[in-house]
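Working through the structure, step by step
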Amino acid sequence: MSESRSDHGCLQLSQLSLTFLGAAGTVTGSKHLLQVGDRRVLVDCGLFQGLKELRQRNWEPLPIDPASLDAVVLTHAHLDHCGYLPRLVAGGFRGRIFCTPATKELCSLVLPDAAKIQEEDARTANRERFTKHDPALPLFTQNDAARALGQLQPVGYDRPVPVLSPNVRCQAPEVSVEFVNAGHLLGSAFARIRIGERTILFGGDLGRFGRPVLPDPSPPGAADILLLESTYGDRLHEPDDNGERFARIVRDTADRGGKVIIPSFAIGRVEEVLYWLKRLEDEQRIPILPVFLDSPMAIAALQFYSARLHELDADLTPAARDVSAFATRRMTVASAARQSADLVASSQPSIVISASGMATGGRVLHHLAATLPNPRNTALFVGFQAVGTRGRQLTDGAKTLKMLGRTVPVAARVERIDSMSAHADAGEIMRWLAGFPRPPRMTYLVHGEPTALDALRVRIADDLHWPVHVAGYREQVPLDLL
Ligand SMILES: [Zn+2]
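What you see is a predicted model, and the numbers here were worked out from it, not measured in a lab.

**Focus: the sheet that holds strand β9 (residues 189-195)**
Strand order in the open sheet formed by seven strands is β7-β8-β9-β10-β11-β20-β21, with mixed pairing between adjacent strands. The sheet is open, and its two edges are formed by β7 (161-164) and β21 (468-470), each paired on a single side. Strand-to-strand twist across the sheet, computed as the mean angle between neighbouring axes with direction ignored, equals 25 degrees. One ladder, built from three bridges, connects strand β20 (residues 442-446) with β21; its direction is parallel. Opposite L445, over in β21, you have V470 as the bridge partner. Together, β9, β10 (198-202) and β11 (225-229) form the strand contacts of helix α12 (residues 426-433), whose direction differs from that of β11 by roughly 160 degrees.

As structure tokens, then:
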């Protein structure tokens, strides 16, 4: 980072810049560095996931010393937005991490869990020696995760709070953040950062319109600079079929006497899957099957969802606005490892919802390893599958899959339902952009794979005639705002 100091020791205020340290040209690793004079705020602090060359970036040092950051702002609790926090704290960051109260609650689940998986993977790799690293080390530990949680500073929606106080000597203005509900996950937000009179809107991940469980994304308000996610920038989701494909997949698998394994993100997606299963049961469109929620984190997250129904969609009717909104007729939660192992061993027709959603780790690997070789079963993917993940390999038609140190043949049906995505598609992104009262001076596209980024860039330039730029990895752009 270039730094030039003015005569009186302050960095010049014109030095206002953004550096894209992740989710640039790819969908994971969100980290955007905002430099205001000599002060630094990191917006989102996510893990790179998927391809090995991406995951390798988690091990590379940041181009800045974590101790030099003044604050972190989090848009939501998905690991690709918050999962690097323990590593940042282990690297010396001691400041506050601003987020919504629900994001804090969900981080208290996902960060220790991610650390535990890191530690377990390292231990397994060392024990079974399927690593070239000697010894394999975790990226961060449960201790690091606990320290990061201690630095979280919850702030309610729609309430601007100072992140950096004004520096009178340098005539540096106050920097504040306001969280606005993004409808993407419980607690998810756009981070509206104000520097004096100017506004930078960090879009985080954008939710969808007219879906159950989560509210529509809030209107954006005016912004001078916008960072916009592009995950589905080149695609439209399947039209809403009122759960018909989901129902057919469950019925067909039940007819074959098989199990439906649903790899699911433990928070957010689980609630939508359960909402649909309950509704399809109530409408007698699927048989009443045992439904197992095999994820301690998902079970805990369900409690947070049910405690914050006021932040969720109004379509959860008053009668349904309690935990039973998500409880199917024969639902069992499996929190103990022993229950999970019994469930893996059982061939009883059933529906098993387990994490992780892209089959990158967690209990679902054991379920997949046990069920994929049998054509009676179905693996049903209900979310975005990043390049390089097992979920992507399976949905791309892989005939074998490496997991748990062995090669598993794939004979089960593999299905994907995209309509349950929590990300806005291209049409929904354009609908949300139409809510800006005036065009931002610049829109930076982040959080997408190259074809999606480019398609959205062309669409915004052609349809809206807005200045738009696809962010490059580690690219630094000056913000000409003051
Ligand atoms: Zn997300």
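Back to the text.
**Points about the packing of helix α7 (residues 269-282) against helix α8 (residues 296-307)**
Packing of α7 against α8 brings their axes to within 9 Å, and their N-to-C directions diverge by 80 degrees. Between α7 and α8, the crossing angle belongs to the class labelled roughly perpendicular. Between α7 and α8, the residues in contact are V270, E271 and L274 and A298, A301, L302 and Y305, respectively. Looking at the contact of α7 with α8, its residues break down into six nonpolar, no polar and one charged.

**Observations regarding the pattern of salt bridges**
Pairs may arise between side chains of opposite charge once their charged atoms sit close together. Evaluated as defined, the whole model comprises 24 salt bridges. R279 is paired through a salt bridge with E283; the nearest N and O atoms lie 3.3 Å apart. With a relative accessible area of 39%, E283 lands in the partly exposed category. Salt bridges here are not isolated pairs; linked through shared partners, they connect E244, R251, R279, E283 and R285.

**Quick word on helix α13 (residues 450-464)**
Within an α-helix, residues lying three or four positions from one another point in the same direction, as the helix has 3.6 residues per turn. Spanning 15 residues, α13 covers 21 Å between terminal C-alpha atoms, matching the ideal 21 Å at 1.5 Å per step. Looking at α13, one finds that the buried residues are A452, L453, L456 and I460. Projection of α13 onto a plane perpendicular to its axis shows the buried side chains occupying an angular sector of 100 degrees, all on one side. Facing away from the buried side of α13, by more than 90 degrees, are the exposed residues P450 and T451. Against β11, α12, β20 and β21 lie the buried residues of α13.

**Some points on unusual backbone geometry**
The residue after A355, namely S356, is reached through a cis peptide bond having omega 10 degrees. By secondary structure assignment, the location of S356 is in the loop between β15 (350-354) and α10 (364-371). Although it is not a glycine, N242 sits at a positive phi angle of roughly 60 degrees. Of note, N242 is situated in the loop between β11 and α6 (244-255).

Conventions used here
Along every chain, residues carry numbers that run from 1 in the direction the sequence is written. It should be noted that, the model being predicted, local features are given only for residues of pLDDT at least 70 and side-chain atom pairs only at 80 or more, the latter also being counted only at that level, while totals for whole chains, interfaces and linings use all residues. Water and hydrogen atoms were dropped before computing side-chain values, which therefore reflect all heavy atoms in the structure. Note on pairing: DSSP must find at least two bridges between two strands before they are called paired. Each helix is a run of DSSP H or I of at least 4 residues and each strand a run of E of at least 2, with the numbering of both proceeding from the N terminus. Throughout, an axis means a line fitted to C-alpha atoms (over the contacting stretch in the case of helices), and angles, computed between N-to-C directions, take values from 0 to 180 degrees. We call two residues in contact whenever any of their non-hydrogen atoms come within 4.5 Å of each other. Between 65 and 115 degrees an angle is taken as roughly perpendicular, under 35 as roughly parallel, over 145 as roughly antiparallel, and anywhere else as oblique. The residue classification treats Ala, Val, Leu, Ile, Met, Phe, Trp, Tyr, Cys and Pro as nonpolar and Asp, Glu, Lys and Arg as charged. All others, Gly included, are polar. Whenever Lys or Arg places a side-chain nitrogen within 4 Å of a carboxyl oxygen from Asp or Glu, that contact is recorded as a salt bridge. A 1.4 Å probe rolled over the protein chains alone gives each residue an accessible area, and that area as a share of the maximum for its type sets the label: buried under 20%, exposed over 50%, partly exposed in between. What a helix should span is 1.5 Å times the count of its residues minus one. Note: the arc covers the axis-to-C-beta directions of the helix.

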